[in-house]
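Structure at a glance
Residues per chain are reported as follows:
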Amino acid sequence: MLVSIPVSECSDTERYHTCLIFQITSRKRFIESKLQSLDRQSLSIDSYLKVLETTREKRDVQKSKYNIADGMRQMFDPFERVARAHHVCPCCERPFSAEEEDEFVKKQQVKAASSAEHMKVLAVDSSNADSHFQQLDKLRMVYEEYVKIGKETIPNAEKDLHELTQELDLKSQALDDVIGVLAEVKADKDSIEALVQPVETADRFFQEIQTCQKQVDDLEEKLDVGGQGVKTMEEIQSELNTLQSTNI
């Protein structure tokens, strides 16, 4: 039995492959557009992971700077209070004179004010770096889909399409062979049908001959041709001629 592959199945696979090409192209454009808007430079999708890792490192550096500065602030913040309360150096516990204490406290106040401003700058830088990283990291899912479509889905679809195309070609060839055989059978059938009427006519003639022959046989039997007391045609004709001469 000839089993044919539906052409629609192959067509569906072709449409699916076309859809995958559209998907991977759209994801590529989307990611590259985001990379350009975030980094203010033209970058290809192939550089995404490198850009993401670089951005992560920058975020971690800014976060580390802020944490170090915050730790220093927390360490030096009590110095002014210790100096005023105990009149000694918070580091070596050396007694302060009134002038030294005032000078030390003044320096701590200036340093605290400078540290506060510096902390604000570091906080902004850290926040911006983290925001930049988060925006790039949000593209990770789209990028992973892009990679999967390009490395797995499309190759598998192309493999299926190739196999289906080969199978369709084989089935089409087999179908063409069957159509050719059917055409030969039809031609033979038409030739045979063309002979049916002459054969039927010959058979009818044969039947009529048989019937006539039977009728002749019946007449011969009735006339008893060649039997006793039966005159031949020549004798009958001679007598007729004699009678005609007499009458004349």
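Residues numbered from 1 in each chain as written. Predicted model: local features only at pLDDT ≥ 70, side-chain atom pairs only at ≥ 80, totals over all residues. Heavy atoms only, no water.

1. Considerations on the environment of histidine 132
Secondary-structure assignment places histidine 132 in helix H4 (residues 98–137). For histidine 132, a relative accessible area of 23% puts it in the partly exposed group. Between the alpha carbons of histidine 132 and lysine 58 there is a distance of 9.7 Å; along the sequence they are 74 residues apart. With residues up to four places along the chain from it excluded, the contact list for histidine 132 reads Leu38, Asp39 and Thr55. (Helix = DSSP H or I, 4+ residues; strand = E, 2+ residues; numbered from the N terminus. Buried < 20%, exposed > 50% of the residue type's maximum accessible area, 1.4 Å probe, protein only. Contact = heavy atoms within 4.5 Å.)

2. Things to note about the confidence of the model for the chain
Per-residue confidence for the chain gives a mean pLDDT of 78, with 85% of residues at or over 70. Per-element confidence in the chain is highest for helix H2 (residues 48–76), whose mean pLDDT is 87, and lowest for helix H6 (residues 233–247), whose mean pLDDT is 71. (pLDDT = per-residue confidence, 0-100.)

3. A few points about the packing of aromatic side chains
Under the defined criterion, the tally for this structure stands at three aromatic pairs. Put simply, the rings of Tyr48, Tyr143 and Tyr146 pair up and form one aromatic cluster. In this structure, arginine 59 is placed above the aromatic ring of phenylalanine 133, and the distance from its NZ or CZ to the ring centre is 4.3 Å. (Phe/Tyr/Trp six-rings, centres within 6.5 Å; stacked < 30°, edge-to-face > 60°. Lys NZ or Arg CZ within 6 Å of the ring centre and 35° of its normal.)

4. Some points on the pattern of salt bridges
Within the structure shown, the criterion is met by seven salt bridges. The partner of arginine 59 in a salt bridge is aspartate 60, and the shortest N-O contact between them spans 3.0 Å. Residue class for aspartate 60 comes out partly exposed when judged on its relative accessible area of 36%. A salt bridge links glutamate 100 to arginine 94; the nearest nitrogen and oxygen atoms lie 3.3 Å apart. Residue arginine 94 is classed as partly exposed on the basis of its relative accessible area of 41%. Taken together, the shared-partner salt bridges connect Arg59, Asp60 and Asp130 into one network. (Salt bridge = Lys/Arg side-chain N within 4 Å of Asp/Glu carboxyl O.)

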